[in-house]
Amino acid sequence: MNTAATSTVAPPRMPLGRVLIWGAFALVLIVAPLVFTSNLGVTMLAQMGIAIIACLSYNILLGQGGMLSFGHAVYSGLGAYVAIHTLNAVSAGRFYLPVSLIPLVGGLAGVFFAALFGYVTTKKSGTTFAMITLGIAELVFAMSLMIPEFFGGEAGVSGNRVVGEPVLGITFGPARQLYYLIAIYTFISVALMFAFTQTPLGRMLNAVRDNPERVEFIGYSSQRVRYYGFIVAGFFAGIAGGLGALQFELVTAEVVGPVRSGSYLLFTFLGGATVFFGPIIGGILMVLATVLLSELTKAWLLYLGLIFVFMVMYAPGGIASLIMMNVRVAQFGRFGRVAPSLAVMLVSGIVMLAGAGAMIEMIYHLQLNSAMGDEVPFAGVTLHARSAMSWGVSAVLLAVGAFVLDRARRRYAEQWGEVQSEIENAVRKAEGSAP
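Residues numbered from 1 in each chain as written. Predicted model: local features only at pLDDT ≥ 70, side-chain atom pairs only at ≥ 80, totals over all residues. Heavy atoms only, no water.

(A) Inspection of the nonpolar core at higher detail. Counting residues in hydrophobic clusters, the biggest one holds 90 residues, and the most contacted among them are Ile60, Tyr75, Tyr81, Phe117 and Tyr179. Of all the elements, helix α2 (residues 39-64) adds the most residues to this core, at 16 residues. With residues up to four places along the chain from it excluded, the contact list for Phe117 reads Val74, Tyr75, Leu78, Ile136 and Val140. Judged by nonpolar contacts, the second largest core, of seven residues, contains Val338, Met345, Val419 and Ile423. (Core = buried A, V, L, I, M, F, W, Y, C linked by side-chain atoms within 4.5 Å. Buried < 20%, exposed > 50% of the residue type's maximum accessible area, 1.4 Å probe, protein only. Helix = DSSP H or I, 4+ residues; strand = E, 2+ residues; numbered from the N terminus. Contact = heavy atoms within 4.5 Å.)

Spelled out as structure tokens, the structure:
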């Protein structure tokens, strides 16, 4: 008797390189608190996880959908408020919910408010969309001081994340226990957001960003695609807000303010909105700047502004794009051609920043702390704000560093262009010789 053979199609396997990358990411999340064991280190790591989720959720709008939003903190902030109120309700015994699921409540709140506000904002695109998001952000921020029953007024809403009996000794009271909860949410959220970029909706969102007219021509509604993407971004922003509520056990009006929305925009751009891992870099930089840099100098906002201006002028793709540019050159074995110029750029940039930073610190000292003498500690060196020597050396470092950096940048651009031409020629030859 003849039997019909049935063929089975094996599911596609994840490439080995991608498995290694995700494995390394998980390993870093696991090992990080074992390396940075201080309370400050663990707290900063937890904040980095929250910032990574928030910046990646914002990049769904900016990088994936081309939607410049000035009010993304509305969804992370309202998610944080709903999460802290839920936590207080659980503490009061009104209902039972594990503390580990509180961030999901924030995510659902983010979905609700994104669906509510996004229905209006996504009807427009471009500059009009940006202005509407700014208006909604200002409206919610104003309401935060007008409705103290929900927002808690200027004092905000506080809570206690240690609720109920511990499970396997886990109470989420110690900073390390909470960090690992945040690390789990961070890994899963990053994986889901990466998976979203590979879905039909994620690809259509890219198409709406690049050519909305063509999307309409083939029968899709660009407004509806933007709306669905907006809701997805709101969900992950709400999760970040819920994790923040657990981390700080306090939610104030600052979380829905324009400064927080501006931070998401600034650091997502600095990290690189055009590359998926760019906002991860941006989230890490966000915590380093707001926690460490703000403690080291009063001029930290000025430094951020200057860095932002230089990135817009010379590297609009962000740090991630710079990395990927040189990775492609290295893949074709030509990184040695541009490495010397790149090294000179890095060294001269550090020299220039040292000179500029010294002058900025002396100016700030004279304006704010002149009564405390003229000594200014800077990078392990003591400067004298009223000394011509300190000003002269700083000016020379700034001038020399800027001059060498400009020459090295021009040389690097020339070499990089030559290398790119060689790579393109090699690719064409390989394609022409392929059967």
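Structure's up, so let's keep going.
(B) Fine view of the packing of aromatic side chains. Applying the stated rule across the entire model yields 19 aromatic pairs. Between Tyr119 and Tyr227 the ring centres are 5.9 Å apart and the planes differ by 75 degrees, which places this aromatic pair in the edge-to-face class. Placement of Tyr119 in helix α4 (residues 102-121) and of Tyr227 in helix α10 (residues 222-248) is noted, with a sequence separation of 108 residues between them. Of the residues examined, Tyr119 reaches a relative accessible area of 46% and is grouped as partly exposed. With a relative accessible area of 15%, Tyr227 lands in the buried category. Judged by centre distance (6.2 Å) and plane angle (35 degrees), the rings of Tyr227 and Tyr228 are tilted. (Phe/Tyr/Trp six-rings, centres within 6.5 Å; stacked < 30°, edge-to-face > 60°.)

(C) The arrangement of the layout of surface pockets in detail. Here the second largest pocket defines a volume of roughly 760 Å³. If you go around the second largest pocket, you meet 31 residues; those closest to its centre are Gln47, Phe248, Glu254, Arg260 and Met286. With seven residues, helix α11 (residues 258-271) is the largest single contributor of residues to the lining of the second largest pocket. (1 Å grid on protein atoms, 1.4 Å probe; cavity = no way out; pocket = protein on both sides within 12 Å on 5 of 7 lines; lining within 4 Å. Points joined across faces, edges and corners; volume = space filled by probe spheres on them.)

(D) Structural view of a nonpolar patch on the surface. Nonpolar side chains collect at one region of the surface, where Leu27, Ile30, Val31, Leu34, Val35 and Phe36 lie side by side and expose about 570 Å² of accessible area between them. Looking at where Phe36 falls in the secondary structure, it is placed in the loop between α1 (16-35) and α2. (Patch = residues over 30% accessible without salt bridge, like charges linked within 9 Å, V, L, I, M, F, W, Y side chains within 5 Å. Areas by Shrake-Rupley, 256 points an atom, 1.4 Å probe, with all protein chains shown as cover. Salt bridge = Lys/Arg side-chain N within 4 Å of Asp/Glu carboxyl O.)

(E) Geometry of the environment of Val312. One can find Val312 in helix α13 (residues 300-314). A relative accessible area of 40% means that Val312 is categorised as partly exposed. Each C-alpha atom of the pair Val312 and Leu270 lies 8.7 Å from the other, and the pair is 42 residues apart in sequence.

(F) Structural view of the side chain of Arg226. Mapped onto the secondary structure, Arg226 falls in helix α10. Buried charge Arg226 goes without a salt bridge, the closest partner of opposite sign being Glu216 at 6.2 Å. Those residues in contact with Arg226 that sit more than four places away from it in its chain are Met67, Thr122, Lys123, Lys124, Ser125, Leu205 and Val208. (Lys, Arg positive; Asp, Glu negative; His and termini not counted.)

(G) Structural view of the side chain of Thr86. Along the chain, Thr86 turns up in helix α3 (residues 73-91). A relative accessible area of 11% means that Thr86 is categorised as buried. In contact with Thr86, not counting residues within four places along its chain, are Phe95, Leu97, Ile102 and Val105.

(H) Seen up close, the pattern of salt bridges. In total, this model carries 10 salt bridges according to the counting rule given. In this structure, Glu422 and Arg337 form a salt bridge, with 3.1 Å as the shortest nitrogen-oxygen distance. Here Arg337 lies in helix α15 (residues 335-368) and Glu422 lies in helix α16 (residues 388-433), a separation of 85 residues in the sequence. Accessibility expressed as a relative area gives 29% for Glu422, which makes it partly exposed.

(I) Representation of the environment of Gly244 in the model. Mapping Gly244 onto the fold places it in helix α10. The class of Gly244 is buried, set by a relative accessible area of 12%. Placed 161 residues apart in sequence, Gly244 and Ala83 show a C-alpha to C-alpha distance of 9.3 Å. Dropping the residues within four chain positions of it, Gly244 is found in contact with Ile50 and Glu249.

(J) Representation of the pairing of strand β4 (residues 381-384) within the structure. Note that strand β3 (residues 375-378) and β4 share four bridges and pair antiparallel. Bridging across to β4, Val376 finds its partner in Leu383. What sits between the antiparallel neighbours β3 and β4 is a turn of two residues, in which Ala379 has the positive phi angle 55 degrees. (Pairing = 2+ DSSP bridges.)

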